[in-house]
Amino acid sequence: MEVIENIIEAIDYILDTKRKRHITGGILISISMLCGGLAATVMTIKNEVTDNE
């Protein structure tokens, strides 16, 4: 339980200003869009491979 408290306190300390929260949010959105794009690419490539067999 103490480990979780330490992690939350560290995150709270890192994101103490509005600007830092805004930047972090933008980074997280970019990462999620990248992962979504990669997943869509893998799905379309996988379908093409199975159709050719």
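In the block above lies the structure referred to throughout.
Rules and cut-offs
- Residues numbered from 1 in each chain as written.
- Predicted model: local features only at pLDDT ≥ 70, side-chain atom pairs only at ≥ 80, totals over all residues.
- Heavy atoms only, no water.
- Helix = DSSP H or I, 4+ residues; strand = E, 2+ residues; numbered from the N terminus.
- Buried < 20%, exposed > 50% of the residue type's maximum accessible area, 1.4 Å probe, protein only.
- Areas by Shrake-Rupley, 256 points an atom, 1.4 Å probe, with all protein chains shown as cover.
- Patch = residues over 30% accessible without salt bridge, like charges linked within 9 Å, V, L, I, M, F, W, Y side chains within 5 Å.
- Salt bridge = Lys/Arg side-chain N within 4 Å of Asp/Glu carboxyl O.
- Lys, Arg positive; Asp, Glu negative; His and termini not counted.
- Charge placed at Lys NZ, Arg CZ, Asp CG, Glu CD.

Colleague: Requested: an account of the overall build of the protein, with residues and values cited.
Modeller: Within the protein, the regular secondary structure consists of two helices and zero strands. The proportion of buried residues among the 53 residues of the protein is 0%. In the structure as shown, the protein presents an accessible area of about 5100 Å², 67% of it carried by carbon and sulfur atoms.

Colleague: Give me a nonpolar patch on the surface: which residues, what numbers.
Modeller: Residues Ile23, Ile27, Leu28 and Ile31 make up a contiguous nonpolar surface patch of about 370 Å² in total accessible area. Within the secondary structure, Leu28 is located in helix H2 (residues 18-52). The class for Leu28 is exposed, based on a relative accessible area of 54%.

Colleague: So what's going on with a negative patch on the surface? Which residues, and what values?
Modeller: Negative charge collects at one region of the surface, where Glu2, Glu5, Glu9 and Asp12 lie side by side. Mapped onto the elements of the fold, Asp12 is located in helix H1 (residues 2-14). Residue classification places Asp12 among the exposed positions, given a relative accessible area of 55%.

Colleague: Could you give an account of the pattern of salt bridges, naming the residues involved and the relevant values?
Modeller: One pass over the structure, following the stated rule, counts one salt bridge. In this structure, Asp16 and Lys20 form a salt bridge, with 3.4 Å as the shortest nitrogen-oxygen distance.

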